[in-house]
Amino acid sequence: MPKSILVALSLGAASLLVLLERRRRCAEGRLEKLLEEHVGEEGRVVITGADRGIGKELGRLLLRHPRVSLLLGCLDPSAAAAGDDNEKRCRISPLELLDFDSVQRFAEDVHDFLSDGEPGLRMLVNNAGFKERVEGDRTKYGTGKTWQINFLGPFLLTEFLARRRERDGVEIPCSVINVASGHESESNLDKQLLDSLEVGCESTGHDYPDSKRALLLWTSVRSQSLALKGHLYTHAVSPGKVDTRFGCDHIPEVLWCLSKPFRSLLYRSQAEGALSIAAAGLRKHATSKFGQYFRGEELVEDLVVWRMPEKRLSVQLVRWAATATALEPRSGGRPLDIGGRSLSVGDLLVGRGEEDRWSTSERRWSTEISNLSRQVSEEILILPARISAVRRLLIRCRERLLQWLPF
Ligand SMILES: NC(=O)c1ccc[n+]([C@@H]2O[C@H](COP(=O)([O-])OP(=O)(O)OC[C@H]3O[C@@H](n4cnc5c(N)ncnc54)[C@H](OP(=O)(O)O)[C@@H]3O)[C@@H](O)[C@H]2O)c1
């Protein structure tokens, strides 16, 4: 191979490494800063699916902060070991989302963990996720695996936890971050599909986007009650396309390694994915507002308002989930409610006028425009700082150049 091509390739590889390192450091630095601002006296964070991928990276980064303790819910506890130094601050509890009894046991652990300790950050990250390549397998409860891991499991965990907190009068606010996906926009979830889920239909071939959309719809109708009664402030985040093995377990190891440079360029690093998830719970309003949906760190939707036109579907979904997970018998027989009203048939008949009043296109536009104008004004505010930074850089370059010149 000609020498010039080798030099070009080495230079390309070196710049790629520098770029990746820079991106990773930026994400880690930003997370460190957010933690410093929001941890308080003691931070306690629960992460599900922390034995690999984004969940594992999030755990690793959070443990760097000396006042943060973790409870990790893992299928394979040995894979999630935090390292000897951090063992005291990191507990690992078995969690199999395909088994509702395991979810309930884990929820009890989560309740004890979050209720204890000094005041400060409390956060539950419903991160574990699954995407079946060939859909069709049924769980022992008669639902698809993807539906159970991505929606029914987190649903039971959060709703059960809220009831335990309410019963024990726990008032320390806690944010719940549901890890969603941009693929939810490809979902076909509608009344017909829900009807067939209720009678245990075969897979639709869209289980992943449908189950992720279900997370958002559940958040849209239940986040208010969860906040008022269980002091759980539920939000959702889509981390973007992150470089993990998610849905790619079938790709041979060799190919996976060879594709690393392309993946690194096209996808976000695991640290960036972890940052976007954590940032949703490390905000001033994480435990005063509820039902917000973020893409990366950007707020993209107020689910309670924007998903109002889908309220009827959402209520039906929540009813199905409560029945499928046996939530009521598990938590003392009390039925679910929405905004103080029980989930009766009457709730399913929300008038069209009421739905649309909250989510007219004008309202959506005005939110979009106010978000945009806020971003523009923020950019304008930091413009002078950027200009002076460039000026300082130019001055430094000039000084260096003058040092090097022989005259
Ligand atoms: N990567 C992306 O580009 C991307 C994009 C959008 C959204 N997301 C979402 O981000 C989340 C994390 O994804 P990731 O990329 O980190 O994927 P990943 O590397 O495959 O991690 C998924 C985690 O979920 C756990 N899990 C799977 N089935 C489980 C079960 N039955 N019970 C308990 N835990 C189970 C896995 O445990 P095992 O390792 O033991 O199986 C693993 O720890 C998922 O919810 C995913 O939908 C990812």
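Above: the structure in question.
Throughout what follows, the structure given in this document is the object of discussion.

**Side note on the overall build of the chain**
And then number 1: Counting its secondary structure elements, the chain contains 15 helices and ten strands.
And then number 2: Here the chain, with 407 residues, has 39% of them falling under the buried criterion.
And then number 3: For the chain, restricting intrachain contacts to residue pairs at least 6 apart in sequence, the fraction spanning at least 24 positions comes to 75%.

**A look at the sheet that holds strand 4 (residues 122-126)**
Sheets are built from strands paired through backbone hydrogen bonds, the pairs being either parallel or antiparallel.
And then number 1: Read from one edge to the other, the open sheet built from eight strands follows the order 3-2-1-4-5-6-7-8, with strand pairing classed as mixed. Bordering the open sheet on either side are strand 3 (90-94) and strand 8 (298-302), each of which pairs with just one other strand. For this sheet the average axis-to-axis angle between neighbouring strands, irrespective of direction, equals 20 degrees.
And then number 2: In this sheet, strand 3 lies alongside strand 2 (residues 68-74) in parallel orientation, the contact comprising five bridges. Bridging from a neighbouring strand, Gly73 pairs with Ser93 of strand 3.
And then number 3: Across the sheet, helix 9 (residues 270-281) lies against strand 4, strand 5 (174-179), strand 6 (232-238) and strand 7 (292-295), angled at about 145 degrees from strand 5, the strand it touches most.

**Overview of the site of the ligand**
And then number 1: Surrounding the ligand, one finds 26 residues, the nearest of these being Gly49, Gly53, Gly129, Thr244 and Phe246.
And then number 2: Top contributing element to the shell around the ligand by residue count: helix 2 (residues 53-62), with three residues.
And then number 3: Counted by class, the shell around the ligand contains twelve nonpolar, eight polar and six charged residues.

**Focus: the packing of helix 3 (residues 100-115) against helix 4 (residues 145-168)**
And then number 1: For the pair helix 3 and helix 4, the least separation of the axes is 9 Å and the interaxial angle reads 45 degrees. Relative to helix 4, the element helix 3 lies oblique. Crossing of helix 3 over helix 4 shows right-handed handedness. Taking contact as the criterion, the partners of Phe100, Val103, Gln104, Phe106, Ala107, Val110, His111 and Ser115 in helix 3 are, on helix 4, Gly153, Leu156, Leu157, Phe160, Leu161, Arg164, Arg165 and Asp168.

About the thresholds
Residues numbered from 1 in each chain as written. Predicted model: local features only at pLDDT ≥ 70, side-chain atom pairs only at ≥ 80, totals over all residues. Helix = DSSP H or I, 4+ residues; strand = E, 2+ residues; numbered from the N terminus. Buried ≥ 20, exposed ≤ 12 C-beta atoms within 10 Å, placed from the backbone. Contact = placed C-beta atoms within 7 Å. Pairing = 2+ DSSP bridges. Axes fitted to C-alpha atoms, helices over the stretch in contact; angles between N-to-C directions. Near = placed C-beta within 6 Å. Nonpolar A, V, L, I, M, F, W, Y, C, P; charged D, E, K, R; others polar. Parallel < 35°, antiparallel > 145°, perpendicular 65-115°, else oblique. Left-handed = near helix turned anticlockwise from the far one by under 90°.

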